[in-house]
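The primary structure of each chain is shown beneath.
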Amino acid sequence: MPENIFNPEIQMEHKDWKHEANVFGKYLTGKLPTNIEVDLYCSAMEKNLTPISPKENKLLVWMMKHPSFTGWIDGANALQHPEGIIRKKIFIMTAILETSGNQNNLFLPVGFSPFYMFRLFVSGIFAVLKTIGGLIIIRWI
Amino acid sequence: MDLTTEFLIVGSGPSAAMAALTLANAGKKAMVADPGNKDEIYADKIPKSDFISIREKEQNQHEYFLGKNFEGIPWGKIQAGSQLTPPRKFIVRDVESWLPVISETFRPMESMAQGGLASGWGTGCHVFSTNEMEEAGMDATAMQGAYDWVAEQIGISGEKDDANPYCLGHIQHFQPAPNLDENAEALLKKYRSGRKALNQMGFYAGKLALAVLSKPKDGRDALAYDDLNFWSDHGGSAWRPWVTMKDLEKKNMLDYRGGIFVTKMVESDQGIKVRALNTKTFEKISITARKVILCAGALGSARIVMRSFPQENLELPLLSNPYCYMPCIQWARLGKPDMGRKAGFGQTGIFYDPQGDPLNGGMGAMFSYRGLLLFKLLKEAPIPFKEARIIFQYLQSSFMIAGIHHPVFQSKTRNISLVPHAQSPTGDALKANFTLSESEQDKNLKREKLYKKALGMLGCFPLKTISPGHGASIHYAGTLPFGSGQPYSLYSNGLLAGTKNIFVGDGSGFRYLPSKGLTLSLMANAHLVAKESLKNYHG
């Protein structure tokens, strides 16, 4: 089947969504999401089922087996497939984390501090490096 | 179902509210027929608190910030309506099935809500200049008085500063402008220091006039600075059409009928027979009226008129302000989070008024970002979400969004027609064409370049220009232009040519749209049209 045709037979199971929530939550904030945040993610997936192409599904399965590379794939997708399903899933998890009431300190405005400026600088560098690495991984998978 | 009334108003938006109020003041109790969708899910869920406190304390905030079905998480192409928050999504409910539009070039946002599109209005109030009113086909002298009357009824706050000619104009009845948030303060401070150079370029900035109370009025609270205006209408400080309509109902001066979708009219010596459908059951409804005032919006009223007076290959003109927005970084606010109470409405405007070219100005409304959640910004950045969150968390206090509107004139390349559509309850759909000529596109691009320069001088660095497509301004007019009695036009008093008692009180008649927001002008026009409809009425 051509890679760009959505295969309706590819169905994600509920337990996969829980694992996705944990992987994406840990990636975004550095810690595992709460049970409520995981449940919200599963509910969002159930209500927003979108067919996924075989190519993206292959990438997603690989990410779930290698969660430490989530940021790399996310960076590459930000350039190459910004409207793809993987980006959408991470975006939804970000929205859930922002509005779950547990992680406001990560989303509300912050003020100037030398430490934060350093963190911004380092984040910028990491973003670039991860993206380059992700582009290589995607080609290889 | 058969109903009878003396005065029938179709629609429940700002024009309808002012028409109803005008008639009520003359002792006439109008019937309002309207689909009347409301928010049945979220209104009671949002606490009477402020945005920051909710974010810090409420565990169930995701219910209304993201929505029951996560409809508050936008994805895909930006289009009008897709950015509505879950508590405001009712504004566009059912529109796809009842008001289908077929077009490659025009994507409007329409409404079946009680209050119409004004249920999500940003409350910006602008008077048209004399030149603009004359170009649009309005009576400038009559409109001056009407503007002031509307301001007194709904409650407007503002200031007579450099933005005055484009906002309050000669309006006398207004309250003091609300306190500015820190982004707006910083912008105006920069304007004051560079005023001469900006004025020489044709740019004037100041506080926007808003249909928001800074002092209590008629049982409505003053602005609470809760930064929740994208989510709720607690306290009623922001005027919405249903504020006026509910007040009239309480005084038994309005007969509001929701769940009614008007399809067409037939006028005879015995009156006007209005055909409609029940929006839930599709049952046919017939309303007999002595006078009808269509206030269904330029697109909605045009549909009704085209069905009522069908003609083969009929095309009506269409106006809609071309629009873009520019997310900007405001240098003065970098690293300075504003965690206090704030208004949340766009409070400042930058007006482009080129000397010697009064019809080709521009309007830039400036909005700070805090009340709309960080995650929505992250999608725009081509970097991993994790790093995007860190970077944007720092930048968000400095974000301002400049919404730039351009003027628009009539043209043969902008029109609408009705085509058969089996899936819609009315059996038809609106086909729309909207293209700008090369010279019009060129003018708009030049105007946008000038705005970028002006924004830079005001301490705001535009990151990019986003053009969401024609129709995204949510300003529509000119489908039944003011004329001298030609078919499918309006007389200057709002009477539909070829009829005796069918008036149109919305923006259908405007032959030109300046760049400014038109809601205040719609309301002033509706007041004048309703007054006209009272004439020759022998009870």
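Calculation notes
- Residues numbered from 1 in each chain as written.
- Chains lettered and ligands numbered in written order.
- Predicted model: local features only at pLDDT ≥ 70, side-chain atom pairs only at ≥ 80, totals over all residues.
- Heavy atoms only, no water.
- Helix = DSSP H or I, 4+ residues; strand = E, 2+ residues; numbered from the N terminus.
- Buried < 20%, exposed > 50% of the residue type's maximum accessible area, 1.4 Å probe, protein only.
- Contact = heavy atoms within 4.5 Å.
- Areas by Shrake-Rupley, 256 points an atom, 1.4 Å probe, with all protein chains shown as cover.
- Pairing = 2+ DSSP bridges.
- Phe/Tyr/Trp six-rings, centres within 6.5 Å; stacked < 30°, edge-to-face > 60°.
- Lys NZ or Arg CZ within 6 Å of the ring centre and 35° of its normal.
- Buried area = accessible area lost by both parts, 1.4 Å probe.
- Salt bridge = Lys/Arg side-chain N within 4 Å of Asp/Glu carboxyl O.
- Patch = residues over 30% accessible without salt bridge, like charges linked within 9 Å, V, L, I, M, F, W, Y side chains within 5 Å.
- Axes fitted to C-alpha atoms, helices over the stretch in contact; angles between N-to-C directions.
- Parallel < 35°, antiparallel > 145°, perpendicular 65-115°, else oblique.
- Left-handed = near helix turned anticlockwise from the far one by under 90°.
- Nonpolar A, V, L, I, M, F, W, Y, C, P; charged D, E, K, R; others polar.
- Core = buried A, V, L, I, M, F, W, Y, C linked by side-chain atoms within 4.5 Å.
- Expected span 1.5 Å × (residues − 1).

### A few points about the overall build of chain A
Okay, step 1: Helix and strand counts for chain A come out as 6 helices and 0 strands.
Okay, step 2: Scanning chain A from its N terminus toward the C terminus, one meets helices and strands in the order α-α-α-α-α-α.
Okay, step 3: Residues classed as buried in chain A amount to 50% of the 141 residues present.
Okay, step 4: Summarising the internal contacts of chain A: among those between residues at least 6 apart in sequence, 75% fall at separations of at least 24.
Okay, step 5: Put simply, chain A shows about 7300 Å² of open surface, and 64% of that area lies on carbon and sulfur atoms.

### A word on the side chain of B:Ser533
Okay, step 1: Tracing the sequence through the fold places B:Ser533 in helix α14 (residues 519-533).
Okay, step 2: In this view, B:Ser533 contacts B:Phe7, B:Leu23, B:Lys291, B:Ile293 and B:Phe503; residues no more than four positions away in its chain are not counted.

### A look at the sheet that holds strand β20 (residues 428-434) of chain B
Okay, step 1: Strands sit in the order β3-β20-β19-β13 (chain B) across an open sheet of 4 strands; the sheet is mixed. Two strands in the sheet have a free side with no partner beyond their single neighbour: β3 (101-102) and β13 (316-317) of chain B.

### Some words on the pairing of strand β14 (residues 323-330) of chain B
Residues and elements named next belong to chain B.
Okay, step 1: When you tally the buried positions in β14, you get 7 out of 8 residues, the bulk of the element.
Okay, step 2: Of the pairings in the sheet, the one linking β14 to strand β17 (residues 399-405) comprises 7 bridges and is antiparallel in character. Looking across to β17, one finds that cysteine 328 is bridged to methionine 400.
Okay, step 3: As defined by bridge partners, β14 adjoins strand β21 (residues 460-462) across 3 bridges and the pair is classed as antiparallel. Across the sheet, residue glutamine 330 finds its bridge partner in β21, namely cysteine 460.

### With respect to the environment of B:Pro241
Residue and element names in this part refer to chain B.
Okay, step 1: Looking at the secondary structure, you find proline 241 in helix α9 (residues 241-250).
Okay, step 2: With 119 residues separating them along the chain, proline 241 and glycine 122 place their C-alpha atoms 13 Å apart.
Okay, step 3: Setting aside chain neighbours within four positions, we find proline 241 in contact with Ser12, Gly13, Pro14, Ala17, Gly115 and Ala118.

### Digging into the packing of aromatic side chains
Okay, step 1: Here the structure, examined in full by the defined rule, presents 26 aromatic pairs over all chains.
Okay, step 2: Here the aromatic rings of A:Trp62 and A:Phe69 are separated by 5.5 Å at their centres, their planes lie at 50°, and the arrangement is tilted.
Okay, step 3: Taken together, a centroid distance of 5.4 Å and an interplanar angle of 20° make the contact between B:Phe106 and B:Phe434 stacked. In this pair, B:Phe106 is assigned in the loop between β3 and β4 (124-125) and B:Phe434 in strand β20, connecting sequence segments 328 residues apart. In this pair, the class of B:Phe106 matches that of B:Phe434, namely buried.
Okay, step 4: Through successive ring pairs, a cluster of aromatic residues spans A:Trp62, A:Phe69, A:Trp72 and A:Trp140.
Okay, step 5: Above the face of the B:Trp75 ring, B:Lys379 is positioned so that its terminal group lies 5.0 Å from the ring centre.

### Considerations on the interface of chain B and chain A
Okay, step 1: Residue-level contacts link 40 residues of chain B with 46 residues of chain A.
Okay, step 2: Across the chain B to chain A interface the summed buried area is about 4000 Å²; carbon plus sulfur atoms make up 62%.
Okay, step 3: Together, B:Trp75, B:Phe385 and B:Tyr394 form the three largest contributors to the area buried by chain B at its contact with chain A, with a combined 19%.
Okay, step 4: Our count for the chain B to chain A interface comes out at 3 salt bridges.
Okay, step 5: Of the charged contacts in the structure, one is a salt bridge between A:Glu83 and B:Lys379, with a shortest N-O distance of 3.7 Å.

### As for a nonpolar patch on the surface
All names here are of chain A.
Okay, step 1: A surface patch of nonpolar side chains, about 420 Å² in accessible area, is lined by Phe121, Ile125, Phe126 and Leu129.
Okay, step 2: In this fold, phenylalanine 126 is placed in helix α6 (residues 114-140).
Okay, step 3: When its relative accessible area of 44% is taken as the criterion, phenylalanine 126 is described as partly exposed.

### Describing the packing of helix α2 (residues 35-47) of chain A against helix α5 (residues 85-99) of chain A
All names here are of chain A.
Okay, step 1: Closest axis-to-axis distance for the α2/α5 pair is 10 Å, and the angle between their directions is 135°. The pairing of α2 with α5 is recorded here as oblique in orientation. Relative to α5, α2 is oriented so that their crossing is right-handed. Note on element contacts: α5 touches α2 through Lys89, Ile92, Met93, Ile96 and Leu97, opposite Glu37, Leu40, Tyr41, Ala44 and Met45.
Okay, step 2: Its residues assigned to classes, the contact of α2 with α5 shows 8 nonpolar, no polar and 2 charged.

### Some thoughts on the pairing of β17(B)
All names here are of chain B.
Okay, step 1: Of all 7 residues in β17, 6 are buried; the element is thus mostly enclosed.
Okay, step 2: Alignment of strand β16 (residues 362-368) against β17, held across 6 bridges, turns out to be antiparallel. Across the sheet, residue methionine 363 finds its bridge partner in β17, namely histidine 405.

### Re the nonpolar core
Okay, step 1: By size, the foremost hydrophobic cluster in this structure holds 118 residues, and its most contacted members are B:Ile9, B:Met18 and B:Phe510.
Okay, step 2: With residues up to four places along the chain from it excluded, the contact list for B:Phe510 reads B:Phe128, B:Ala136, B:Met138, B:Leu319, B:Ala477, B:Gly478, B:Phe482, B:Leu518, B:Ser521, B:Leu522 and B:Asn525.
Okay, step 3: A:Met63, B:Leu373, B:Leu374 and B:Phe385 belong to the second-largest nonpolar core, a separate cluster that totals 66 residues.

### Some points on helix α10 (residues 297-308) of chain B
Residues and elements named next belong to chain B.
Okay, step 1: Taking 1.5 Å as the rise per residue, α10 with 12 residues should run 16 Å; its terminal C-alpha atoms sit 16 Å apart, in good agreement.
Okay, step 2: Across the 12 residues that make up α10, a large majority, 11, are buried.
Okay, step 3: Buried residues of α10: Ala298, Leu299, Gly300, Ser301, Ala302, Arg303, Ile304, Val305, Met306, Arg307 and Ser308, and no others.

### Points about the sheet that holds β16(B)
Residues and elements named next belong to chain B.
Okay, step 1: Strand order in the open sheet formed by 6 strands is β7-β15-β16-β17-β14-β21, with antiparallel pairing between adjacent strands. Two strands close off the open sheet at either side, each with one partner strand: β7 (203-207) and β21. Averaged over all pairs of adjacent strands, the angle between strand axes in this sheet comes to 30°, irrespective of strand direction.
Okay, step 2: Those strands touched by helix α7 (residues 182-193) are β7, β14, β15 (348-352), β16, β17 and β21, and its axis lies near 140° from that of β7.
Okay, step 3: Of the strands in this sheet, β7, β14, β15, β16, β17 and β21 touch helix α13 (residues 438-457), which is tilted by about 130° from β15.

### With respect to unusual backbone geometry
Residues and elements named next belong to chain B.
Okay, step 1: In this structure, phenylalanine 282 takes a positive phi of about 65° despite not being glycine.
Okay, step 2: Mapped onto the secondary structure, phenylalanine 282 falls in the loop between β11 (271-278) and β12 (284-294).
Okay, step 3: On the basis of relative accessible area, phenylalanine 282 is assigned to the partly exposed category, the value being 43%.
Okay, step 4: Positive phi values are uncommon outside glycine, yet isoleucine 474 reaches one of about 60°.
Okay, step 5: As for its placement among the helices and strands, isoleucine 474 is situated in the loop between β21 and β22 (502-504).
Okay, step 6: Note on isoleucine 474: relative accessible area 29%, which makes it partly exposed.

### Some points on the pattern of salt bridges
Okay, step 1: Per the stated rule, a full pass over the model turns up 25 salt bridges over all chains.
Okay, step 2: Two residues, A:Lys130 and B:Glu387, come together in a salt bridge whose shortest N-O distance is 2.7 Å. Taken together, the positions of A:Lys130 in helix α6 and B:Glu387 in helix α12 (residues 385-395) put the pair across two chains. Here A:Lys130 matches B:Glu387 in class, with each residue buried.
Okay, step 3: Residue B:Glu159 is joined to B:Lys207 by a salt bridge in which the shortest nitrogen-to-oxygen separation is 2.8 Å. Remark: B:Lys207 occurs in strand β7 and B:Glu159 occurs in the loop between β5 (157-158) and β6 (175-176); sequence separation between them is 48 residues.
Okay, step 4: Taking the relative accessible area as the measure of exposure, B:Lys207 reaches 17% and is therefore buried.
Okay, step 5: Through salt bridges with shared partners, a single network forms among B:Arg88, B:Asp233 and B:Arg240.

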